[in-house]
Amino acid sequence: MSELTVGRTRPKARKIVRRDGSHALAHTVLIIGSIIMIFPFAWQIIMSLSTNSQVMSIPPTFWPGDLQWKNFADVFTVMPFMSQFWVSITITVVRVLGQVVLCSMAGYAFARMRFSFKGVVLGLILAILMVPSQVFLIPQYQIVQNLGWLNTSAGIIAPGIFSAFGTFMMRQFFLGLPLELEEAARLDGCNPFQTFWRIMLPLAKPGLSALAIITVLWSWNDLLWPLVVTTYAQNMPLSAGLATLQGQNATNYPVLMAASLLASAPVLILFLAMQRRVIDGIAFSGMK
Amino acid sequence: MSLNTVAKAGAPGRAPAGRRASRLGRSNPDGIWPVVFVLPLFLGVAVFYLFPIIQTAYFSFTTWGVFGGSTFTGLENYSKLATDPQVGRALLNTLIYTVVVLAGVPIAVGLASLVNRPGLRFSKTYRTMFFLPYVAMPVAISMVWRMIYNGDFGVLNYFLSLFGILGPHWVSTDGLALISVALLGLWISIGFNMIILSAGLKGIPVELYEAASIDGASRFRQFRQITVPLLTPSIFFVMVITIINGFQLFDLLYTLLGTTNPAMARSQSLVYLFYNESFIQNDKGYGAAIAILVLVLVGIFTAVQFRFQRRWVNYV
């Protein structure tokens, strides 16, 4: 959008800069690049609608003729798709809600409140950002085990509700909001919670949506942690479920493709429906 | 878009000087509220992240019995670490993977500058398509690439055969398997890098290009002498992220190669080795030592990068 507005508000500038030649070369490169990006998805769809012998044919069958919709029905018999789908939905929703609440509150306090040891506490939280996730994994596993939460959604969810990254991101966002509104609210007699809840949180919606989007993507797609805390297929989210299915059922290719398509479809649809927000959210998280 | 400006405005995180209360007396003017706001998060962070760092460090000096229980064995895990050929191999593999994915950064710089040309049509459509691999589930996408890479009937080898090239068994050949994983990682990373770099490109003033254009500088020269130098902070950021993510290689390897792949033993990454030792072999003490090794390595790499950035990154 921004480059369009730039183009529109600066017609003269554009004429000067862009008189030389067209964008033909740019389009050629970008179209070739786009084909490389899109082809695997198209191929996934085609394979998911083919027979197994078509998938294994040489040369490849680029159009299966009879579309094998049955492959999608078979997904539900080769794996507990629905229960895995619900695990994925549950862990994602709870983690997003948890992070939005906890990170926005803590982020606000770090951005605006004054309290003892603020620097130390913030420093400890930021230090986590530098630590690779494997360092936490064994103790996290033990905690979940001791709570009796192995093979439960609660166990998958637990560590991921608390996010150092989300807290830092929300802090940066609140720092960027104008101080005047808050001071006015305080003068009007709002306590810190009311100021946060009524004034600042509504202003923080872009930051919150960025946080929510990043959390959805991470939670839906994450593999290592769910693989560690679940052993039974019906308790796994789709990511771990798919990986396990591939290990057990490695030769029924069209059904594997149908399953992978169904498993990643929700986030892909979400992305296509809210592209601008997702891209802005990722860009924002990158800027920090 | 407004997000970017806000983020920038917020970057220098300093409270106004006048607001700093004196250390004694009124040091907590917000009363109990900061505790209410921070404590829930901090408790969780302490339990699930801070304390585990110490625990893992401790575990790395212990050996775990088959039936649970662990004994302090000092540096035993670390001496095993130093002599285990798997570790050197996994470290080398992790580095190779990271280097290949880093090769995608210049590609992303070029593509981002093309997509962000003023007045380019379909630029949003292009951006969407390039970003799609980053959004898709890595497990699902690796399963598709496993089919594409298949040595017998994969479509990649079919395309190569059109040029008279006999394609190899990509994911089951030692050495090549890791490169196949890295190319997949590169393919996924392009879209993300483009988004970050595009945000950086938008910060470059149009006037610079106008002036260069009037002076008769070609587009390529503008790219080399305006775009790239002014984009170095974003390029640096993208490289740091790529290296950190490179050290985390697991999902793509696990799914593209599969645990029973004969090429896995020579293609595994540090994180895969960690997972295998800790949770499959159940040698959590040794796993903890591997985790600490990764921590130290990531720390060194990040420090080195920040040290050398002054040589080539231009902060305006």
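Calculation criteria
Residues numbered from 1 in each chain as written. Chains lettered and ligands numbered in written order. Predicted model: local features only at pLDDT ≥ 70, side-chain atom pairs only at ≥ 80, totals over all residues. Helix = DSSP H or I, 4+ residues; strand = E, 2+ residues; numbered from the N terminus. Buried ≥ 20, exposed ≤ 12 C-beta atoms within 10 Å, placed from the backbone. Contact = placed C-beta atoms within 7 Å. Axes fitted to C-alpha atoms, helices over the stretch in contact; angles between N-to-C directions. Parallel < 35°, antiparallel > 145°, perpendicular 65-115°, else oblique. Nonpolar A, V, L, I, M, F, W, Y, C, P; charged D, E, K, R; others polar. Domains from an automatic or database assignment. Left-handed = near helix turned anticlockwise from the far one by under 90°. Expected span 1.5 Å × (residues − 1). Arc of directions from axis to C-beta. pLDDT = per-residue confidence, 0-100.

K.L.:
Just checking my understanding: could you explain the overall build of chain A for this structure?
P.N.:
Along its length, chain A carries 17 helices and zero strands. For chain A, the spread of C-alpha atoms along the principal axes amounts to about 75 × 70 × 30 Å. Across the 288 residues in chain A, those meeting the buried criterion constitute 49%. Contacts spanning at least 24 positions in sequence make up 74% of the contacts within chain A whose residues lie at least 6 apart.

K.L.:
What is the right way to read the overall build of chain B from this model?
P.N.:
Helix and strand content of chain B: 15 helices and two strands. Projected onto its principal axes, the C-alpha positions of chain B cover 80 × 75 × 35 Å. Put simply, chain B has 316 residues, and 42% of those count as buried.

K.L.:
Would you explain the packing of helix H8 (residues 134–146) of chain A against helix H2 (residues 33–59) of chain B in this entry?
P.N.:
Packed helices, taken two at a time, are described by their axes: the angle between them and the distance between them. For the pair H8 of chain A and H2 of chain B, interaxial distance at closest approach is 7 Å and the crossing angle is 105 degrees. One way to sum up the angle between H8 of chain A and H2 of chain B is to call them roughly perpendicular. Together, Val135, Phe136, Ile138, Pro139, Gln140 and Ile143 of chain A of H8 of chain A and Val47, Phe48, Tyr49, Phe51, Pro52, Ile53, Gln55, Thr56 and Phe59 of chain B of H2 of chain B make up the contact between the two elements. Residues of the contact of H8 of chain A with H2 of chain B, tallied by class, amount to twelve nonpolar, three polar and no charged.

K.L.:
Before we go on, may I ask you to explain the domain arrangement of chain A in this structure?
P.N.:
Often the size quoted for an interface is simply the accessible area lost on bringing the parts together. Residues and elements named next belong to chain A. When cut into domains, chain A gives domain 1 (2–73) and domain 2 (75–287). Between domain 1 and domain 2, the C-alpha centre-to-centre distance is 30 Å. Counting residues per element, the ones that place at least two in the side of domain 1 that touches domain 2 are helix H3 (24–48), helix H4 (52–55) and helix H5 (70–78). With four residues, the top contributor of residues to the side of domain 1 that touches domain 2 is H3. Taken together, the residues of the side of domain 1 that touches domain 2 break down into five nonpolar, seven polar and no charged.

K.L.:
What's the story with the packing of helix H6 (residues 81–112) of chain A against H2 of chain B in this structure? I'm lost.
P.N.:
The contact between H6 of chain A and H2 of chain B brings their axes to 8 Å, and the two run at 130 degrees. Judged on the interaxial angle alone, H2 of chain B and H6 of chain A are oblique. The handedness of the crossing between H6 of chain A and H2 of chain B comes out as left-handed. Across the interface between the two elements, Leu102, Cys103, Met105, Ala106, Tyr108 and Ala109 of chain A from H6 of chain A touch Pro34, Phe37, Val38, Pro40 and Leu41 of chain B from H2 of chain B. Its residues placed into classes, the contact of H6 of chain A with H2 of chain B shows eleven nonpolar, no polar and no charged.

K.L.:
Which parts of the structure should I look at to understand the interface of chain B and chain A?
P.N.:
Opposite the 99 residues of chain B that make contact, chain A presents 97 residues. In terms of residue count, the dominant contributor to the side of chain B that touches chain A is H2 of chain B (19 residues). Here the side of chain B that touches chain A is built from residues that sort into 69 nonpolar, 22 polar and eight charged.

K.L.:
Sorry if this is basic, but what is going on with helix H12 (residues 192–203) of chain A here?
P.N.:
Because the α-helix completes a turn every 3.6 residues, residues three or four places apart line up on one side. Counted at 1.5 Å a residue, the expected span for H12 of chain A with its twelve residues is 16 Å, and the 15 Å between its end C-alpha atoms agrees. Looking at H12 of chain A, one finds that the buried residues are Pro192, Thr195, Phe196 and Met200 of chain A. Burial along H12 of chain A is one-sided: seen end-on, the buried residues are contained in an arc of 95 degrees. Exposed side chains of H12 of chain A directed beyond 90 degrees from the buried face belong to Arg198 and Pro202 of chain A. Buried residues along H12 of chain A sit against H6, helix H10 (164–175) and helix H11 (179–187) of chain A together with H2 of chain B.

K.L.:
Explanation requested: the environment of Gln140 of chain A in the structure shown.
P.N.:
Locating Gln140 of chain A in the fold gives a position in helix H8. Along the backbone, Gln140 of chain A and Val229 of chain A are 89 residues apart, and their C-alpha atoms lie at a distance of 9.6 Å. Excluding residues within four positions of it along the chain, Gln140 of chain A makes contact with Pro159 of chain A together with Phe48 and Pro52 of chain B.

K.L.:
How should the environment of Gly155 of chain A be read in this particular structure?
P.N.:
Residue and element names in this part refer to chain A. Mapped onto the elements, Gly155 comes out in helix H9 (residues 153–157). Among the residues examined, Gly155 registers 24 C-beta atoms within 10 Å and is labelled buried. Spatially, the C-alpha atom of Gly155 lies 8.7 Å from that of Thr230, the residues being 75 residues apart in sequence. Those residues in contact with Gly155 that sit more than four places away from it in its chain are Val144, Trp149, Leu150 and Val229.

K.L.:
Help me understand the confidence of the model for chain B, please; the structure alone is not making it clear to me.
P.N.:
Low pLDDT marks regions whose predicted coordinates should not be analysed in detail. Residues and elements named next belong to chain B. Averaged over every residue, the pLDDT of chain B is 87; the share at 70 or more is 90%. Of all the helices and strands in chain B, helix H1 (residues 2–10) carries the lowest mean pLDDT, 39, while helix H4 (residues 85–102) carries the highest, 96. This model gives residues 1–25 a pLDDT under 50, and the stretch forms 32 contacts once residues within four places in sequence are excluded. Across the whole predicted complex the pTM is 0.87, and at the interface the ipTM reaches 0.87.

K.L.:
Where do I start with the environment of Phe165 of chain A in this structure?
P.N.:
All names here are of chain A. Here Phe165 is to be found in helix H10. The class of Phe165 is partly exposed, set by 19 C-beta atoms lying within 10 Å. For the pair Phe165 and Met56, spaced 109 residues apart in the sequence, the C-alpha separation amounts to 44 Å.

K.L.:
How should I be thinking about unusual backbone geometry in this particular structure?
P.N.:
When glycine is set aside, most residues are seen to have a negative phi, and most peptide bonds are trans. Residues and elements named next belong to chain A. The omega torsion across Ile58 and Pro59 is -5 degrees, close enough to zero to call that bond cis. Considering the arrangement of structural elements, one finds Pro59 in the loop between H4 and H5. Unusually for a residue other than glycine, Asn151 sits at a positive phi of about 60 degrees. Following the sequence through the fold, Asn151 ends up in the loop between H8 and H9.

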